[in-house]
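Close look at the chain arrangement
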Amino acid sequence: MLPDAEAIERSLDEPRIFEVVFDRHFPAIHRYIRHCLDADAAEDLAAETFVRAFAARQRYRASTPDARAWLFSIATNLVRDEVRRRGRADALGQRLSFQRPPEETARGLPDPELYGALMALRDPEREVLVLFAWAELSYEEIAEATGAPVGTVRSRLSRARTRLSELLVASTINPGGR
Amino acid sequence: MDELDRVRAAHATVPSPDAPTVDRARRRLADAVGAASIRAAPRRRRQRSVRLTAVAGLAGVVAVLAVALWPSSESGPAGPSSALAARMCVQSGTGPATACLDALGDLAAADDVLAGGKVFYRRDLWTQSTMYVRPDGRPEAAPHARGSFAIVRAGSQELWVAPDRSGRVIYGPAQRPYLPSAADERAWRAAGNPDLERLAGGAQHREDLAPQEFTEGQLDKVLLGSGALDEVLPQGDPLRGLSTEPTALARELRRIAWYQRVRISGEGPCAQDLHDCSPSTRRNIASQYGGNLRTLLRYPFASPDLRRALLHLLGDLPGARRMGAVRDPAGRRGAAIVVPESINDGLNVIVFDLATGRLLADGHADDGTVATLRWQDVYDLKVGGVGKIGERPR
């Protein structure tokens, strides 16, 4: 398989090669955004992630073979911008939201207690947690995606897990109350 | 289930994007990539349309409309022929390969490799070494041991062939090692993305890889030497007498395969109609026939029409079927065709370019599916006609 870094480097001369990066990562990026936003926004922003990545490929660091962290950082920024654009500065936070269309909200999320607990986390901690659990990025990749030091990523993830665990226990003891 | 498992489980409920969503996003990226780099040359598209409408009457008009209206999911060259090839080879799943290879044959017939030059040039990658590695980084002897992965070290090869079959072969430095299949890539990730260069070791120095010069006629021995095909075909003009009409070509190539096995390899005696041949000789002649198709498809001076006929006959081989779309190790999108491995040195998958019909790569898939496809050699990274030996196409 052609490594991402090599595909990106070659795409400077042969732009079509960038499709390798698209084929490899689009589903994961789309699912990540789809988990945060509605279907239309997910399609739009997932596509935009790759358009922006293509435009910025000259700045990609060839020493990083796997482009996932880079792509997720672009996707995360797009999600943040979208939330700001919509002016939804509500309890879901500015950094990562869980905005679902009304019909999905009515139907119910698969694990409502979990989403309630996630929304109660601080934004940076939630962001690290979902990049770790959903995007399956390593500490180093999350650091690259968020611009935070690796040590900070570790401590944020640890705090997020502890806090999430506490919130889930609380929701079990006191369902419906937060 | 701890809190992290619950977060992961929640994400598992999010569906993957459906095909139309992926197609729309791909087209958006293609727009960004730019028309110049993603669309076929307008000249070829016009020629194709004119030819179809001129000769095919009402059915042809319907076909052209169908091609024009087909919503291509390809972000590669977007000419009508490419869209048709994509439709026949990729979008309709797995199945018989005949229609796919015929569509690729139409592309091949429009692909004049030597245009603009007299000397044929191409650059390929060939597998120098394959090593198998356990998750802990130790070498593994078995190719498919659980959890292990393969690492391939490839080398490049450049070929120049003049019209008189003199020429030159140059071997380039070893390439960066790569993982030859999606399964190998998954196993490598599961092992923690260990450094491939370190695991593969340094590129080996090969004393036998000095540049080679060939005098007049000598390169036919190299290019057609498989099964001594060069000895059966006319010296100096090996393709003379080969029809570009598939039925006649098949008849001629069967006679040649019989001659190769019975007369040259000495498997005879048995008659040309094979009625008194032993079962093993019949099998060997059939394999030789398929192998000749493969050899001639790679022969630089095979005309576009001959390549179209060869592709048609490849689709007629017993067991030939399309496997779906793949990306070769060079990142090119192609149609994978499963063929009998006896015709191709034990490799049962051949991949053709969806834009030109050229042979891109070959490999082996244990169960005949993309999931197990492990690459071997990669062809035509650069190909074209040049003015003299030593020149490279732009």
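Take the environment of Thr-127 of chain B next. All names here are of chain B. Residue placement: Thr-127 occurs in strand β2 (residues 119–133). Along the chain, Thr-127 and Arg-153 lie 26 residues apart, while their C-alpha atoms are 6.1 Å from each other. Those residues in contact with Thr-127 that lie beyond four places of it in its chain are Val-152, Arg-153, Ala-154, Gln-376 and Asp-377. Of the polar contacts made by the side chain of Thr-127, one reaches the backbone oxygen of Gln-376; its length is 2.6 Å.

All names here are of chain B. With 6 bridges connecting them, β2 and strand β11 (residues 373–386) associate as antiparallel partners. Bridge pairing in β11 places Phe-120 opposite Gly-385. Pairing analysis gives 13 bridges linking β2 to strand β4 (residues 149–161), with the strands arranged antiparallel. What sits directly across from Met-131, in β4, is Ile-151. The pairing of β2 with strand β3 (residues 139–140) spans 2 bridges and is classified as antiparallel.

Further remarks concern the environment of Leu-29 of chain B. As for its placement among the helices and strands, Leu-29 of chain B is situated in helix α2 (residues 19–33). The class of Leu-29 of chain B is buried, set by a relative accessible area of 2%. With sequence-adjacent residues up to four places away left out, Leu-29 of chain B is seen in contact with Phe-18, Phe-22, Phe-50, Val-51 and Phe-54 of chain A.

This part takes up the confidence of the model for chain B. Residue and element names in this part refer to chain B. For chain B, the average pLDDT comes to 81, and 85% of its residues sit at 70 or higher. Least confident of the elements in chain B is helix α5 (residues 57–69), whose mean pLDDT is 27; most confident is strand β9 (residues 349–353), at 95. Here the predicted complex carries an ipTM of 0.82, next to a pTM of 0.58.

What follows covers the state of the cysteines. Covalent bonding between the sulfur atoms of two cysteines is what defines a disulfide. Residue and element names in this part refer to chain B. Counted under the stated rule, the structure contains 2 disulfides over all chains. Covalently, Cys-89 is tied to Cys-100 through a disulfide, its sulfur atoms 2.1 Å apart. Measuring the twist about the S-S bond at about 100°, one finds the Cys-89-Cys-100 disulfide to be right-handed. In this pair, Cys-89 is assigned in helix α6 (residues 80–91) and Cys-100 in helix α7 (residues 98–109), connecting sequence segments 11 residues apart. Relative accessible area serves as the criterion here: at 0%, Cys-89 is assigned to the buried category. Overall, Cys-100 belongs to the buried group, its relative accessible area being 0%. The disulfide bridge from Cys-270 ends at Cys-277, spanning 2.0 Å between sulfur atoms.

Rules behind the numbers
Residues numbered from 1 in each chain as written. Chains lettered and ligands numbered in written order. Predicted model: local features only at pLDDT ≥ 70, side-chain atom pairs only at ≥ 80, totals over all residues. Heavy atoms only, no water. Helix = DSSP H or I, 4+ residues; strand = E, 2+ residues; numbered from the N terminus. Contact = heavy atoms within 4.5 Å. Polar contact = N/O pair within 3.5 Å; in protein donor to acceptor, adjacent residues only side chain to side chain. Pairing = 2+ DSSP bridges. Buried < 20%, exposed > 50% of the residue type's maximum accessible area, 1.4 Å probe, protein only. pLDDT = per-residue confidence, 0-100. Disulfide = S-S within 2.5 Å.

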